[in-house]
Number of protein chains: 2
Amino acid sequence: MKLVRSIKEMAALSKKYKGRGEAIGFVPTMGALHKGHISLICRARKECKIVVVSIFVNPAQFGPKDDLKRYPRNLGADTNICRREGVDIIFSPNREEIYPKNYKTYLAIDDLGRVLCGKFRSGHFRGVATIVTKLFNIISPDFAYFGQKDAQQAIIIKKLVRDLNMPLEVKVLPIVRERDGLAMSSRNTYLNREQREDAAVLYQALRMAGVLIKKGSRSSKEIIRRMRLMILKKKSARIQYISVFDLKEFKPVKRIKGKILIALAVFFGKTRLIDNMIIKA
Amino acid sequence: MKLVRSIKEMAALSKKYKGRGEAIGFVPTMGALHKGHISLICRARKECKIVVVSIFVNPAQFGPKDDLKRYPRNLGADTNICRREGVDIIFSPNREEIYPKNYKTYLAIDDLGRVLCGKFRSGHFRGVATIVTKLFNIISPDFAYFGQKDAQQAIIIKKLVRDLNMPLEVKVLPIVRERDGLAMSSRNTYLNREQREDAAVLYQALRMAGVLIKKGSRSSKEIIRRMRLMILKKKSARIQYISVFDLKEFKPVKRIKGKILIALAVFFGKTRLIDNMIIKA
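The shown structure was predicted, so the numbers you read here are calculated from the model rather than taken from an experiment.

Caption draft 1: Up close: the state of the cysteines. Residue and element names in this part refer to chain A. Applying the stated criterion across every chain yields a total of zero disulfides over all chains. Not part of a disulfide, Cys-82 finds its nearest cysteine sulfur in Cys-42, a span of 11 Å. Overall, the relative accessible area of 0% leaves Cys-82 in the buried class.

Caption draft 2: Layout of the nonpolar core. If you look at the biggest cluster of nonpolar residues, it comprises 96 residues, and the most contacted ones within it are Phe136(A) and Phe136(B). Beyond its immediate stretch of four places on either side in the chain, Phe136(A) contacts Phe26(A), Pro141(A), Ala144(A), Phe146(A), Ile157(A), Val161(A), Met166(A) and Leu168(A).

Caption draft 3: Quick look at unusual backbone geometry. A positive phi angle, close to 45 degrees, is found at Leu116(A), a residue other than glycine. In this fold, Leu116(A) is placed in the loop between strand S5 (106-108) and helix H5 (117-120). Phi at Ala32(B) is positive, roughly 50 degrees, even though this residue is not glycine. Assignment of secondary structure puts Ala32(B) in the loop between strand S2 (24-29) and helix H2 (35-47).

Caption draft 4: Examining the pairing of strand S8 (residues 237-246) of chain B more closely. All names here are of chain B. Counting buried positions along S8 yields eight of 10 residues, so the element is predominantly enclosed. Note that S8 and strand S10 (residues 259-268) share nine bridges and pair antiparallel. Looking at the pairing, Ile-239 lines up with Val-266 of S10.

Caption draft 5: Spatial organisation of the sheet that holds strand S8 (residues 237-246) of chain A. Residues and elements named next belong to chain A. If you trace the four strands from one edge of the open sheet to the other, you get S9-S8-S10-S11, paired in antiparallel fashion. Each end of this open sheet is capped by a strand with a single partner; those strands are strand S9 (251-252) and strand S11 (271-280). As paired strands, strand S10 (residues 259-268) and S11 are joined by 10 bridges and run antiparallel to one another. Residue pairing across strands places Leu-261 opposite Ile-278, the latter belonging to S11.

Caption draft 6: Representation of the relation of the copies chain A and chain B within the structure. The two copies are related by a screw operation: chain A maps onto chain B through 180 degrees of rotation and 0.0 Å of translation along the axis, at an RMSD of 0.0 Å. Look at the turn and shift together and you get a two-fold axis relating the two. A shared binding surface is used by both copies, with 100% of the interface residues of chain A retained as interface residues in chain B.

Caption draft 7: Looking closely at the environment of Val211(B). All names here are of chain B. Of note, Val-211 is situated in helix H9 (residues 201-214). When its relative accessible area of 44% is taken as the criterion, Val-211 is described as partly exposed. For Val-211 and Leu-33, which are 178 residues apart along the polypeptide, the C-alpha to C-alpha distance reads 32 Å.

Caption draft 8: Looking closely at the packing of aromatic side chains. Residue and element names in this part refer to chain A. Counted according to the given criterion, the structure contains 16 aromatic pairs over all chains. An angle of 75 degrees between the planes, with centres 6.4 Å apart, marks the rings of Phe-136 and Phe-146 as edge-to-face. In this pair, Phe-136 sits in helix H6 (residues 124-139) while Phe-146 sits in strand S6 (residues 143-147), placing the two residues 10 residues apart along the sequence. We note that Phe-136, like Phe-146, is buried.

Caption draft 9: Layout of the environment of Ile81(A). Residues and elements named next belong to chain A. Relative to the helices and strands, Ile-81 is located in helix H3 (residues 75-84). A residue is classified by how much of its surface remains accessible, and Ile-81, at 14% relative accessible area, is buried. On a C-alpha basis, the gap between Ile-81 and Val-57 in space is 18 Å, while along the polypeptide they are 24 residues apart. Look past the residues within four positions of Ile-81 in its chain and what remains in contact with it is Leu-33 and Ile-38.

Caption draft 10: Representation of the pattern of salt bridges in the model. All told, the structure shown has 32 salt bridges over all chains when counted by the stated rule. Lys171(A) is the salt-bridge partner of Glu47(A), the closest N and O atoms lying 3.1 Å from each other. On the criterion of sequence distance, the pair formed by Glu47(A) in helix H2 (residues 35-47) and Lys171(A) in strand S7 (residues 169-173) is long-range, its members being 124 residues apart. Classification of Lys171(A) as buried rests on a relative accessible area of 19%. A salt bridge links Arg193(A) to Glu197(A); its shortest N-O distance comes to 3.8 Å. Residue Arg193(A) and its partner Glu197(A) are located together in helix H8 (residues 193-199), separated by four residues, close to a single helical turn. For the pair Arg193(A) and Glu197(A), one class covers both residues: exposed. Because the salt bridges share partners, they merge into one network encompassing Lys15(A), Lys18(B) and Asp142(B).

Caption draft 11: Just the packing of helix H9 (residues 201-214) of chain A against helix H10 (residues 220-232) of chain A, in detail. All names here are of chain A. Axis separation between H9 and H10 bottoms out at 9 Å; the angle between their running directions is 150 degrees. Our classification of the angle between H9 and H10 gives roughly antiparallel. Judged by the twist between their axes, the crossing of H9 over H10 is right-handed. In contact with Val-201, Leu-202, Gln-204, Ala-205, Leu-206, Met-208, Ala-209, Leu-212 and Ile-213 of H9, H10 contributes Ile-223, Arg-226, Met-227, Met-230 and Ile-231. In terms of residue class, the contact of H9 with H10 is built from 12 nonpolar, one polar and one charged.

Rules and cut-offs
Residues numbered from 1 in each chain as written. Chains lettered and ligands numbered in written order. Predicted model: local features only at pLDDT ≥ 70, side-chain atom pairs only at ≥ 80, totals over all residues. Heavy atoms only, no water. Disulfide = S-S within 2.5 Å. Buried < 20%, exposed > 50% of the residue type's maximum accessible area, 1.4 Å probe, protein only. Core = buried A, V, L, I, M, F, W, Y, C linked by side-chain atoms within 4.5 Å. Contact = heavy atoms within 4.5 Å. Helix = DSSP H or I, 4+ residues; strand = E, 2+ residues; numbered from the N terminus. Pairing = 2+ DSSP bridges. Least-squares fit on C-alpha atoms with pLDDT ≥ 70 in both. Phe/Tyr/Trp six-rings, centres within 6.5 Å; stacked < 30°, edge-to-face > 60°. Salt bridge = Lys/Arg side-chain N within 4 Å of Asp/Glu carboxyl O. Axes fitted to C-alpha atoms, helices over the stretch in contact; angles between N-to-C directions. Parallel < 35°, antiparallel > 145°, perpendicular 65-115°, else oblique. Left-handed = near helix turned anticlockwise from the far one by under 90°. Nonpolar A, V, L, I, M, F, W, Y, C, P; charged D, E, K, R; others polar.

Now the structure itself:
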């Protein structure tokens, strides 16, 4: 396994692989790797001759009040995981390599970035779309792997790839969960014991919504109300949003029909967690 | 020579060439090919195994009051020129292929797009950056060729490629001029006889500026004043802007020092022409 720090070296390696017709699978991460990331790496390992994992905590996707500084970083542990999983290259550039002085170019993704999490994290998805575009250009992957936990991110990146005709395929893999249902996240390490226990309620609330819909409930308002009640029973929980979204139009729906996405963001103490579920009515 | 209409077919061809390690040279155009375009094609032909010319009148770079509808289109003549010049592929998709329903993604290029022509053509360079990014992704060129006549476009595209780490090299070739000095442009065909004669003044004014600077003149204001006087002697001329720009900072300069760009946009009747010259003080 190779640790690459420079864009030039990474691009040259990719060019070499492409020239040989070797498929490149790419897993973009901000490090602090957990079982969710590992599931993406495993899939890439199965499907591609070359597996590249990027580790870069992208400042452009953090707001001024976000947790950029305290975001967990542990290149040592991440390197061990990648080696164990048979990764070929870790690409971990520094900040100045990616955003040099006088950097100016961003992706404008329009209304998709202004709903759900985008409503509360202004500029976040612009930053995500920009770093992902840069990494795709540097690494030239044939396949790129993302987790369904960041549902809106996955939708935006698929749209970005389609709209800009990027020559690659995006694969979105299922959420990996802890035993009690909490979705794997690098931010789970922020939680104290009480918050960690409380956080399991997110999955319980999503499952309850699934049951309600299965039983015939079609009102988003009613389902959200029931989820709020369940979540707010936990002392450390503070809800940012719960939304029921049409997956085709990517707009909130009042009456549930077909395939919908229930997405939520909830604070436990100062830690903001997200989760979601796709449900077919 | 092959005429390709679909993105999918073009991308598949590019992938095939890349897999064989064959260099692709790309000349993006809006058709109505003239000697300026031909100089780009010739250079690509010399330097690359595969030459692709795109012909696409990009609606995203025209404002509501611009000349999208009347912009000259002549695929027959363009095809003949391309065949004669040894082009391998003309890529000429239709509008819906490039901007399907529900298209959303654009490039945000910040202040570079707001000066010079961008001040008068709001959204123009966003449209240029977006189509160029799409074409680069579809065609995967090793080299892309642009003309110096669109000086700001060339600067923005170089910046775009560098900022987003696109895996290709941009080459900018000198302006090709008519005998009387008028820069080649598809829009020159709009001019009536008087306007066409008047338009030669643009190059004369730029050359005069060069002489003034060579003789020691260092005041942008004074040089612009002299150029205005010369241009306004022509009855059909109406000046939109004349600017002296620092090439490193890409900002207007008052006192000329080092390498500068003099750029201008002037209407002759309803036809807007641009020209420029790089001058070293």
